[in-house]
Amino acid sequence: MKPSQYQQLYQDELLTSVIPFWLEKSGDETYGGYFTCLDTEGTVFDTDKFVWLQGRQVWCFAMLYNQVEQKQEWLDFAIQGAEFLKKHGRDEDGNWYFSLTQQGDPLIQPYNIFSDCFAAMAFGQLHLATGNPEYATIAQETFANILQRQSNPKGLYNKAFPGTRPLKNFALPMILTNLVLQLEHLIEPSVLEETIDAGIHAVMEEFYRPELGLILENITLEGEFSDSFEGRLINPGHGLESMWFIMDLAERRGDQALIRKATDLTLSLLEYGWDEQYGGIFYFLDVKGQPPLQLEWDQKLWWVHIETLISLLKGYLHTGDERCWEWFEKVHAYTWSHFPDPTHGEWFGYLNRQGDVLLPLKGGKWKGCFHIPRGLYQCWKTLEAIAQKKSATPLLQD
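Reading the values: the criteria
- Residues numbered from 1 in each chain as written.
- Predicted model: local features only at pLDDT ≥ 70, side-chain atom pairs only at ≥ 80, totals over all residues.
- Heavy atoms only, no water.
- Helix = DSSP H or I, 4+ residues; strand = E, 2+ residues; numbered from the N terminus.
- Buried < 20%, exposed > 50% of the residue type's maximum accessible area, 1.4 Å probe, protein only.
- Contact = heavy atoms within 4.5 Å.
- Areas by Shrake-Rupley, 256 points an atom, 1.4 Å probe, with all protein chains shown as cover.
- Pairing = 2+ DSSP bridges.
- Axes fitted to C-alpha atoms, helices over the stretch in contact; angles between N-to-C directions.
- Left-handed = near helix turned anticlockwise from the far one by under 90°.
- Nonpolar A, V, L, I, M, F, W, Y, C, P; charged D, E, K, R; others polar.
- Expected span 1.5 Å × (residues − 1).
- Polar contact = N/O pair within 3.5 Å; in protein donor to acceptor, adjacent residues only side chain to side chain.
- Salt bridge = Lys/Arg side-chain N within 4 Å of Asp/Glu carboxyl O.

> Honestly, the overall build of the chain in this entry has me stumped. Any pointers?
Looking only at helices and strands, one finds 12 helices and 14 strands in the chain. Dimensions of the chain, computed from the C-alpha atoms along their principal axes, are close to 55 × 50 × 45 Å. By the burial criterion, 59% of the 398 residues in the chain qualify as buried. Within the chain, contacts between residues at least 6 apart in sequence are counted, and of these 66% link residues at least 24 apart. Just so you have it, the chain exposes about 16,500 Å², and 49% of that area is on carbon and sulfur atoms.

> Sorry if this is basic, but what is going on with the environment of Ala139 here?
Tracing the sequence through the fold places Ala139 in helix α5 (residues 133–149). Along the primary structure Ala139 and Leu270 are separated by 131 residues, whereas in three dimensions their C-alpha atoms are 34 Å apart. Aside from chain neighbours lying at most four places away, what touches Ala139 is Ala120, Phe123, Gly124, Leu183 and Leu186.

> Explanation requested: the environment of Tyr97 in the structure shown.
Checked against the element boundaries, Tyr97 lands in the loop between α3 (72–88) and β4 (99–100). A residue is classified by how much of its surface remains accessible, and Tyr97, at 12% relative accessible area, is buried. Sequence separation of Tyr97 and Ile113 is 16 residues, and the distance between their C-alpha atoms is 8.9 Å. Apart from the residues lying within four places of it in its own chain, the contact partners of Tyr97 are Val51, His88, Gly89, Arg90, Asp91, Pro106, Ile108, Gln109, Pro110 and Ser115.

> Is there a simple way to think about the side chain of Thr195 in this case?
With respect to the helices and strands, Thr195 occurs in helix α7 (residues 189–207). Accessibility expressed as a relative area gives 10% for Thr195, which makes it buried. Beyond its immediate sequence surroundings of up to four residues, Thr195 is in contact with Phe143, Leu147 and Val180.

> Would you take a moment to explain the sheet that holds strand β13 (residues 350–351) for this structure?
Across a sheet, strands are paired by hydrogen bonds formed along the backbone, either parallel or antiparallel in direction. Spatial ordering of the open sheet is given by β12-β13-β14, a layout of three strands whose pairing is antiparallel. What marks the edges here is a single partner per strand, and that holds for β12 (300–301) and β14 (357–359). Pairing of β12 with β13 involves two bridges; the strand directions are antiparallel. Its bridge partner being in β13, Leu301 is matched across the sheet by Tyr350.

> Help me understand the packing of helix α8 (residues 236–253) against helix α10 (residues 302–319), please; the structure alone is not making it clear to me.
When two helices pack together, their arrangement is captured by the angle between the axes and the distance separating the axes. As a packed pair, α8 and α10 sit with axes 8 Å apart at the nearest point and diverge in direction by 35 degrees. Regarding α8 and α10, the two cross each other, and that crossing is left-handed. For the pair α8 and α10, the contacting residues are Gly237, His238, Leu240, Glu241, Met243, Trp244, Met247, Asp248 and Glu251 in the first and Trp303, Val304, Glu307, Thr308, Ile310, Ser311, Lys314, Gly315 and His318 in the second. Counted by class, the contact of α8 with α10 contains seven nonpolar, six polar and five charged residues.

> What's the story with α5 in this structure? I'm lost.
Side chains three or four residues apart in an α-helix point the same way, a direct result of the helix having 3.6 residues per turn. Between its first and last C-alpha, α5 extends 24 Å over 17 residues, near the 24 Å set by a 1.5 Å rise per residue. Regarding α5, the residues found buried are Tyr135, Ala136, Ile138, Ala139, Thr142, Phe143, Asn145, Ile146 and Arg149. For α5, the N-terminal capping position is held by Asn132, with its side-chain oxygen 2.9 Å away from the main-chain nitrogen of Glu134.

> How do you make sense of the environment of Lys49 when you look at a structure like this?
For Lys49, the position within the fold is in strand β3 (residues 49–50). For the pair formed by Lys49 and Thr263, sequence separation is 214 residues and the distance between their alpha carbons is 37 Å. The contacts of Lys49, once residues within four sequence positions are left out, are Asp28, Tyr31, Gly32, Tyr34, Phe35, Gln54, Phe84, Phe98, Ser99, Leu100, Thr101 and Gln102. Among the polar contacts listed, one links the side chain of Lys49 to the side chain of Asp28, at a separation of 2.7 Å. In this structure the side chain of Lys49 is engaged in a polar contact, spanning 2.9 Å, whose partner is the backbone oxygen of Gln102.

> Explain the sheet that holds strand β5 (residues 106–108) to me, please; I cannot follow it from the model alone.
Pairing in this open sheet of three strands is antiparallel, and the strands run β3-β4-β5 from one edge to the other. Taken across any chain shown, the strands that pair with only one partner, and hence form the sheet edges, are β3 and β5. Examined bridge by bridge, β4 and β5 share two bridges and lie antiparallel to one another. Paired with Ser99 across the two strands is Ile108, which belongs to β5.

> Help me out: how do you make sense of the side chain of His127 in this one?
Residue position: His127 is located in helix α4 (residues 113–130). What makes His127 buried here is its relative accessible area of 18%.

> Explain the pattern of salt bridges to me, please; I cannot follow it from the model alone.
Any two side chains of opposite charge can pair, on the condition that their charged atoms come close. In total, this model carries 27 salt bridges according to the counting rule given. For Lys168, the salt bridge goes to Glu206, with nearest N and O atoms at 3.4 Å. With Lys168 in strand β6 (residues 167–169) and Glu206 in helix α7, this pair connects stretches of sequence that are 38 residues apart. We classify Glu206 as partly exposed; its relative accessible area is 21%. Here Asp341 ties to Lys362 by a salt bridge, and the two come within 2.8 Å at their closest N and O atoms. Of this pair, Asp341 sits in the loop between α11 (322–338) and β13 while Lys362 sits in the loop between β14 and α12 (371–392), and the two are 21 residues apart along the sequence. The exposure class of Asp341 is buried, given its relative accessible area of 6%. Overlapping salt bridges bring together Glu184, Glu193, Asp197, Arg252 and Arg253 as one network.

Dropping the structure here:
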């Protein structure tokens with residue numbers, strides 16, 4: 001298919017399948033917020049509310065309102081989630097809980113800083129939509145708290161014994177490279193640039209290992225390799241997702257060399273993580289080829305594949321590297337033949353190695369309204385830009 005045909009496919013899937021599914025199935029009209037534990041048909045099978053998924057869904061509908069169309073039902077849905085979070089989501093120190101009951105009572109302590117990350121993202125995006133200064137304040141306070149906690153994100157909830165094998169994890173610096181652009185309108189310019197510099201350095205200089213062409217999930221505090229379960233861990237999806245974050249930062253700065261580096265790393269990570277026997281991208285791998293600690297290592301997950309598609313398309317848009325387009329079509333074919341549910345809408349999240357649906361749920365503790373809609377939107381807009389670029393350049397026409 002041509003880029004314009006792919007573009008239409010991604011746009012239609014977002015607006016006629018995925019978004020209607022969440023809009024119709026997930027709203028809690030009694031207590032506010034959203035249900036994320038939804039079965040194949042969208043029936044609620046558990047009412048616990050996970051704060052990071054609440055924040056992600058607020059962000060999603062606010063983003064659609066800001067970027068696609070100013071539909072009042074999208075804005076109202078985002079506000080519904082934000083008001084629930086504002087009322088119930090934080091402890092007395094401003095840290096965001098991990099999960100709540102349906103009514104909003106705390107269930108799990110604020111051990112997970114990603115609740116804070118997606119709360120900041122949510123309220124920042126919603127402030128753009130509404131101009132409500134209270135939302136801006138929540139986003140700013142939460143972002144400042146994230147920066148303050150980043151050296152010890154779990155704080156008193158850290159179960160590791162202090163000092164024996166301290167490691168730095170890739171996930172937070174990766175998220176910050178995306179979060180900082182989401183909050184650009186609310187952050188002091190000096191803090192913004194410092195955070196961008198630190199994020200690019202962490203991803204591309206500390207966790208990236210040029211001798212391997214891979215990104216490690218954990219490194220020592222000195223930036224060295226740790227020959228341990230955690231230190232040998234490769235999460236291909238995390239690395240692949242981070243590359244489009246880096247490309248966005250590089251585009252903002254006009255840094256073509258960084259775009260090229262991120263594109264090459266996208267291809268390297270994908271070649272490493274691809275399952276040659278059954279297709280799809282592995283969830284976890286051990287860099288030394290040892291048995292991974294994670295028993296789910298060979299599963300194929302929704303977010304890994306949609307994030308990979310974004311990075312491949314952005315790499316192709318910025319560099320014209322045909323390998324990106326070839327891989328895009330290959331990953332697209334696998335993704336679209338396995339994850340979308342044409343009967344009930346939305347996408348399945350978990351496949352076994354062979355590509356069979358392992359869990360028929362559409363949402364749960366870890367999967368919510370985020371990666372699929374964000375990915376479909378990003379792919380739609382990037383394909384649109386590719387199509388426009390080709391039409392403007394006769395030698396690049398399909």
